[in-house]
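What follows is the residue order along each chain.
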Amino acid sequence: MSVPYHRLPRVDARWRWWRPLVALAFLAGWYIASQVLITIAYFVPIAAVQGESGLTGLLDDLQSGALDPTDPLTLSLSLVSLVVLLPGILLAVRIARLGPAGILSSTRFRVRWAWAAWCLIPTLVIAVVMFLFQTAGMFTFDGGFGWDHAAIGQSTVSVGTLTLTIVLVLLLVPFQGAAEEYIFRGFLMQTIGSWIPLRIVGTVVAVAVSTVVFALLHIPNGYNVWGILDVGSFGLIAAIIVLRTGGMEATVLQHAFNNIMIFVVQAPGWSRIDLTSQDANGTWQGWLLTLATSLAYWGMVEVLATWRHLDRRFAGRQAPRFRGVAPAWAGGARWLRPGGSGWVDAPAGPDDVAGSGAAPAEPVDNAVGVAGRP
């Protein structure tokens, strides 16, 4: 008996259908409050230094929707507004009592750092492939290897601005990518998967809804149809990878490296490359490239997961549900939390994984007794 990633909240007997709605309400409030604070933190200094013209220019840049990698101010503001969602969703899960915060991370209820380290291998391979395709035609070997300025023009930003942009990208984008993964591939899929009792139906609906919502929320960024298909394909395969690996590690790395590479390549603001053109907002070639590289990444992750004997599912069973006070025979308060009697009767396994032996499993919150594989 085991529980897949998107059904993890159901191992806790305290789960109720309305708890994800409480978490969602808290996240909405958190987002609104954080945006107010971020706006004050950015707008007040700009108004003091640049006056009304500075505020007007910043508002115009933000209303354009797209992230401008040549402007550190608007880029950092846009990224920070997304980064704050990461602590928000982790707090929301705890406040709504959907489980420990780590329930979104993996079937181990924590980040599997060893597995994440192995996932760096396919991540770097795909990053190199994407970089080669993204920069095709931008380099020349005439007079030595270097930028082909005849094709891409000159950089429109100073060295200082370029350096600041790259530093901001390296610091913020990993958390921005993690925030999106934890919300769309984590919270949203677990919520839908827990609501629908039929596992196959729940899996399909969870993947479909998370993919569609993820793609639609990128429309304000200025993407055309091909751009939305590009984002949707990325989200679809990322959702499948999360289910197949039982955690966020592989997709967070993929998302972060993908975004970092895009921002760094565009950061110089080459004069002959129009970042506002239709081609910049999506092409059928770009969609096929994203689809191919995402499928290749999934394949490499599958090979690694099989080789490393990755624990893709939680070794235990869903907790039985009772309404009202738990009866005395159910173990009282202990029955009501992860590690309660609902896991004791799981079939024996060879690796002493929590819930796989004859002895009662320890609470998931300490992760005691979990096998030492990544």
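Description of the structure in this document. A quick note: this is a predicted structure, and the numbers were derived from the prediction, not measured.

**What about the pattern of salt bridges?**
For the coordinates displayed, the defined rule picks out 6 salt bridges. The partner of D311 in a salt bridge is R108, with the nearest N and O atoms 2.9 Å apart. A residue pair is termed long-range when its members are at least 10 positions apart, and D311 in the segment after helix 10 (284-307) and R108 in the loop between helix 3 (85-95) and helix 4 (113-134) qualify at 203 residues. Each of the salt bridges in this network shares a partner with another, and the network as a whole consists of R244, E302 and R312.

**Topic: the side chain of R312**
Structurally, R312 can be placed in the segment after helix 10. The class of R312 is buried, set by a relative accessible area of 18%. At a separation of 2.9 Å, a polar atom in the side chain of R312 contacts the main-chain carbonyl oxygen of R244. Side-chain polar atoms of R312 contact the side chain of E302, separated by 3.1 Å. In contact with R312, not counting residues within four places along its chain, are T107, R244, T245, G246, E302, A305 and T306.

**Details of empty space enclosed by the protein**
It is a probe the size of a water molecule, rolled over the atoms, that shows where empty space is left. Within the structure shown, the criterion is met by 3 cavities of 30 Å³ or more. Considering the residues around the largest cavity, the lining is formed by T123, I126, A127, M130, F234, Q254, F257, N258, M261, T290, T293 and S294. The class makeup of the residues in the lining of the largest cavity is 6 nonpolar, 6 polar and no charged.

**Notes on the nonpolar core**
Formed by 36 residues in total, the largest nonpolar core has its most connected members in L8, I89, L98, L104 and Y182. Those elements that place two or more of their residues in this core are helix 1 (19-63), helix 3, helix 6 (159-195), helix 7 (199-216) and helix 8 (225-245). With 9 residues, helix 6 is the largest single contributor of residues to this core. L8 has contacts with V3, I103, S106, T107, F109, Q190 and F314, leaving out every residue within four places of it along the chain. In this structure, C119, M130, I241 and A305 belong to the second largest nonpolar core, which totals 19 residues.

**Examining the packing of helix 4 against helix 10**
The interhelical angle for the contact between helix 4 and helix 10, taken along N-to-C directions, is 155°, at an axis separation of 10 Å. Regarding the angle of helix 4 to helix 10, the classification is roughly antiparallel. The two elements helix 4 and helix 10 cross, and the hand of that crossing is right-handed. Here helix 4 contributes W115, W118, C119, P122, T123, V125, I126, V129, M130 and F133 to the contact with helix 10, which in turn contributes L289, T293, A296, Y297, M300, V301, L304, A305 and W307. Taken together, the residues of the contact of helix 4 with helix 10 break down into 17 nonpolar, 2 polar and no charged.

Here is what the cut-offs are and how they apply
- Residues numbered from 1 in each chain as written.
- Predicted model: local features only at pLDDT ≥ 70, side-chain atom pairs only at ≥ 80, totals over all residues.
- Heavy atoms only, no water.
- Salt bridge = Lys/Arg side-chain N within 4 Å of Asp/Glu carboxyl O.
- Helix = DSSP H or I, 4+ residues; strand = E, 2+ residues; numbered from the N terminus.
- Buried < 20%, exposed > 50% of the residue type's maximum accessible area, 1.4 Å probe, protein only.
- Polar contact = N/O pair within 3.5 Å; in protein donor to acceptor, adjacent residues only side chain to side chain.
- Contact = heavy atoms within 4.5 Å.
- 1 Å grid on protein atoms, 1.4 Å probe; cavity = no way out; pocket = protein on both sides within 12 Å on 5 of 7 lines; lining within 4 Å.
- Points joined across faces, edges and corners; volume = space filled by probe spheres on them.
- Nonpolar A, V, L, I, M, F, W, Y, C, P; charged D, E, K, R; others polar.
- Core = buried A, V, L, I, M, F, W, Y, C linked by side-chain atoms within 4.5 Å.
- Axes fitted to C-alpha atoms, helices over the stretch in contact; angles between N-to-C directions.
- Parallel < 35°, antiparallel > 145°, perpendicular 65-115°, else oblique.
- Left-handed = near helix turned anticlockwise from the far one by under 90°.

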